[in-house]
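Notes for the structure review
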Amino acid sequence: MNIEPLHNWITKPNEPLIIAGPCGAETQEQVLQTAKELAQNESIKLFRAGIWKPRTRPNAFEGVGERGLEWLTIVQKQYGLKTTVEVANAQHTELALKHGVDVLWIGARTTGNPFSVQEIADVVKGVDIPVFIKNPIHADVQLWLGAIERFSNSGITKLAAIHRGFHYAGKTKYRNKPMWELAIELKTILPDLPIICDPSHICGNRELIPHVAQKALDLGMNGLMIESHINPDLALSDAQQQLTPDALKEILNTLIYRQSFSKNPECLDKLSQFRKMIDEVDDELINVLKKRMSVIEQIGIYKKEQDLTIFQLERWQEILRSRSQWAEKLGIPRAHTEKICQLLHEESIRIQTEIMNKK
Ligand code: PEP
Ligand code: MN
C-alpha cells in the first residue's frame, strides 16, 4: 500500500500531528472563537469540527450542515489552520470537497459499513485529499483495514488511522475501551500507516484525557485528535469530554514527547545489552514451554488409555488459582498470569483432543 508519511504534507519529521477543535460546529462565533484560541498554539496543525453529527437518537443535535463548511473556510483564511470534517456519505464528501476542506475523516460508525465507505471512496477517486479512518465501533481490525484499503484502491496516499477505542459491553472506566493491542495489530499489518489517537472519544470525560494521550505517545502513535470548545459545558454534543483551548494547551505542554529511536551510540549499546538479556530469557521460556507440552502429551496418552475426559474442571480451577497466587507473590499481576494460564490451557486441550482423535 502506498502511504505518504505525515511529514510529507503536514508535520515536520518526528513531530506528532495535533488535531483539535469542537466535537461539532454549532455557530459561526463558536467555531471562529475556538479556532482563534487554538491557532495561538503552534503545535496544533489541523482544526476539526463535526458538520454532520451521527447521533444515537433523532432530534439530538445533528450538526449544522453545509453552512458550517463556510465557517471553516474563514478558519483557513483568518487563522491559517488546515481543516478536517467527518464525512459519512457521498453527498457530505462532495460538499466538503467543494468547500475546500483540507482533510476528510471517516467516523467510527461509517468505517463499520463497507457500502458507505465504498461510496465515499468512489467520490474521492483521483482527488489528492488526505483521508483519516477511525476504527469501527466493534473490535474488528479487518473492518478497519478494509476501509483503509478501499481508499488506497481509490488512489488516496495521504492516509492515517484514528484510534478512538471500541465499544465494550463489560465494565470499563472508558466511554470506549482503548484495546491498544488492536491499534498495534493494525500497525503491524501496515507499518507505514500513521496512527493518531483520539483520547476524547476513548475517555468520554476530560479527566482521563492526559493519561490516555500520554500512553498513546509512549506507544509511538503519530498524533492526537482532541476535542476543544470555548464553552465545553454548553456544547451541544460530547460536552463532558471537551476541553477549553487553554486546558488543552496545558495538557499538550505537560505531555512527554518521546522519540521512537536514538542515534546516541551509548544508548544503542545499552539497549542491545538489554535485548540480549531478553533473548536469553525468552529462549529459556520456550524450552520450558516445550517441556510442559511434552508432559501434556504424556498425560493425554494416559487419559486416553484410561478412558478419562480431557477437561477436568477442578484441576483447571486449581491451576488458575495456585499459579496466580504464586505469581502474585513475585509481584506479577493476577490478571496477567490468568491470561497466560488460559492460553496454556487452550493449547493443552488442543493437544489432548488431537491425541484422543488419533486412531
Ligand atoms: C467525533 O469525532 O465527534 C465522532 C463522532 O467520533 P466517532 O466517529 O469516533 O464516534
Ligand atoms: Mn465528539
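Residues numbered from 1 in each chain as written. Chains lettered and ligands numbered in written order. Predicted model: local features only at pLDDT ≥ 70, side-chain atom pairs only at ≥ 80, totals over all residues. Heavy atoms only, no water.

1. Quick look at the domain arrangement of the chain
How large an interface is tends to be reported as the accessible area lost when its parts come together. Per the domain assignment, the segments making up the chain are domain 1 (6–254) and domain 2 (265–357). When each unit is reduced to the centre of its C-alpha atoms, the spacing between domain 1 and domain 2 is 41 Å. (Domains from an automatic or database assignment.)

2. Notes on the pairing of strand β8 (residues 223–227)
Of all the five residues making up β8, five are buried; the element is thus mostly covered by neighbouring parts of the structure. The sheet contact formed by strand β1 (residues 17–21) and β8 spans five bridges and is parallel. Within β8, the position partnered with Gly21 by the bridge is Glu227. Summarising the sheet, strand β7 (residues 195–197) and β8 pair through two bridges and their orientation is parallel. Among the inter-strand pairings, Cys197 is bridged to a residue of β8, identified as Leu224. (Buried < 20%, exposed > 50% of the residue type's maximum accessible area, 1.4 Å probe, protein only. Helix = DSSP H or I, 4+ residues; strand = E, 2+ residues; numbered from the N terminus. Pairing = 2+ DSSP bridges.)

3. Some thoughts on the site of ligand 1
Within the structure, ligand 1 sits among Cys23, Arg48, Lys53, Glu86, Trp105, Gly107, Ala108, Arg109, Lys134, Arg164, His201 and Glu227. In this structure, an oxygen atom belonging to ligand 1 sits 2.8 Å away from a side-chain N or O atom of Arg48. Arg164 is positioned with one of its side-chain polar atoms (N or O) 2.6 Å from an oxygen atom of ligand 1. Against a free-state accessible area of 300 Å², the protein chains account for coverage of 97% of ligand 1. Taken together, the residues that form the shell around ligand 1 break down as three nonpolar, two polar and seven charged. (Near = heavy atom within 4 Å. Polar contact = N/O pair within 3.5 Å; in protein donor to acceptor, adjacent residues only side chain to side chain. Areas by Shrake-Rupley, 256 points an atom, 1.4 Å probe, with all protein chains shown as cover. Nonpolar A, V, L, I, M, F, W, Y, C, P; charged D, E, K, R; others polar.)

4. Quick notes on the sheet that holds strand β5 (residues 131–134)
In any sheet, the strands associate via hydrogen bonds between backbone groups, in a parallel or an antiparallel arrangement. What the eight strands build is a closed barrel, ordered β1-β2-β3-β4-β5-β6-β7-β8; its pairing is parallel. Neighbour-to-neighbour, the strand axes of the sheet open up by a mean angle of 30°, direction not taken into account. In the packing of helix α9 (residues 209–218) onto the sheet, contacts are made with β7 and β8, and the angle to β8 comes to roughly 165°. (Axes fitted to C-alpha atoms, helices over the stretch in contact; angles between N-to-C directions. Contact = heavy atoms within 4.5 Å.)

5. With respect to helix α6 (residues 141–153)
In this model α6 runs 18 Å from its N-terminal to its C-terminal C-alpha over 13 residues, within 8% of the 18 Å that 1.5 Å per residue would give. Elements that come into contact with the buried residues of α6 comprise β4 (103–106), α4 (108–111), α5 (114–124), β5, β6 (159–163) and α7 (180–189). Capping the start of α6, Asp140 holds a side-chain oxygen 3.0 Å from the backbone nitrogen of Gln142, two or three residues further along. Just downstream of α6, Gly155 is the residue with a positive phi angle, here 95°. (Expected span 1.5 Å × (residues − 1).)

6. Observations concerning the pattern of salt bridges
Opposite charge on two side chains allows them to pair when their charged atoms are near. Counting across every chain of the model gives 13 salt bridges. Notably, a salt bridge pairs Lys158 with Glu4, separated by 3.7 Å at the nearest N-O pair. One end of the pair, Lys158, is in the loop between α6 and β6; the other, Glu4, is in the segment before β1, and 154 residues separate them in sequence. Here the two residues Lys158 and Glu4 agree in accessibility, since each one is buried. Close ionic contact of Asp128 with Lys158 constitutes a salt bridge, the shortest N to O distance being 2.9 Å. A residue pair is termed long-range when its members are at least 10 positions apart, and Asp128 in the loop between α5 and β5 and Lys158 in the loop between α6 and β6 qualify at 30 residues. When its relative accessible area of 60% is taken as the criterion, Asp128 is described as exposed. Since its relative accessible area comes to 12%, Lys158 is described here as buried. (Salt bridge = Lys/Arg side-chain N within 4 Å of Asp/Glu carboxyl O.)

7. Considering the coordination of the manganese ion (ligand 2)
On the protein side, the manganese ion (ligand 2) has Cys23 (SG), His201 (NE2), Glu227 (OE) and Asp238 (OD) as donor atoms, found 2.1 to 2.4 Å from it. Linear spacing of the donor residues for the manganese ion (ligand 2) on their chain is C-x177-H-x25-E-x10-D. Here Cys23, found in the loop between β1 and α1 (28–39), pairs with Asp238, found in the loop between β8 and α10 (245–254); they are 215 residues apart in sequence, far enough to count as distant. The class for Cys23 is buried, based on a relative accessible area of 1%. Residue classification places Asp238 among the buried residues on the basis of a relative accessible area of 18%. (Donors = N, O, S within 2.8 Å, 3.2 Å for Na, K, Ca; no water.)

8. Section: the nonpolar core
Ranked by size, the top nonpolar core spans 70 residues in total, and within it Phe151 and Leu224 carry the most contacts. For this core, the element with the highest residue contribution is α6, accounting for six residues. Contacts of Phe151, omitting those with residues within four sequence positions, involve Ile106, Val117, Ile120, Ala121, Val124, Val131, Ile133, Ile156 and Leu159. One finds Leu6, Leu17, Trp105 and Ala160 within the second-largest nonpolar core, a separate group that totals 13 residues. (Core = buried A, V, L, I, M, F, W, Y, C linked by side-chain atoms within 4.5 Å.)

9. What to know about a negative patch on the surface
Among the surface-exposed residues, Asp279, Glu280, Asp282, Asp283 and Glu284 lie close enough to one another that they form a single negatively charged patch. Relative to the helices and strands, Asp283 resides in helix α11 (residues 265–305). On the accessibility criterion, Asp283 (48% relative accessible area) is partly exposed. (Patch = residues over 30% accessible without salt bridge, like charges linked within 9 Å, V, L, I, M, F, W, Y side chains within 5 Å. Lys, Arg positive; Asp, Glu negative; His and termini not counted. Charge placed at Lys NZ, Arg CZ, Asp CG, Glu CD.)

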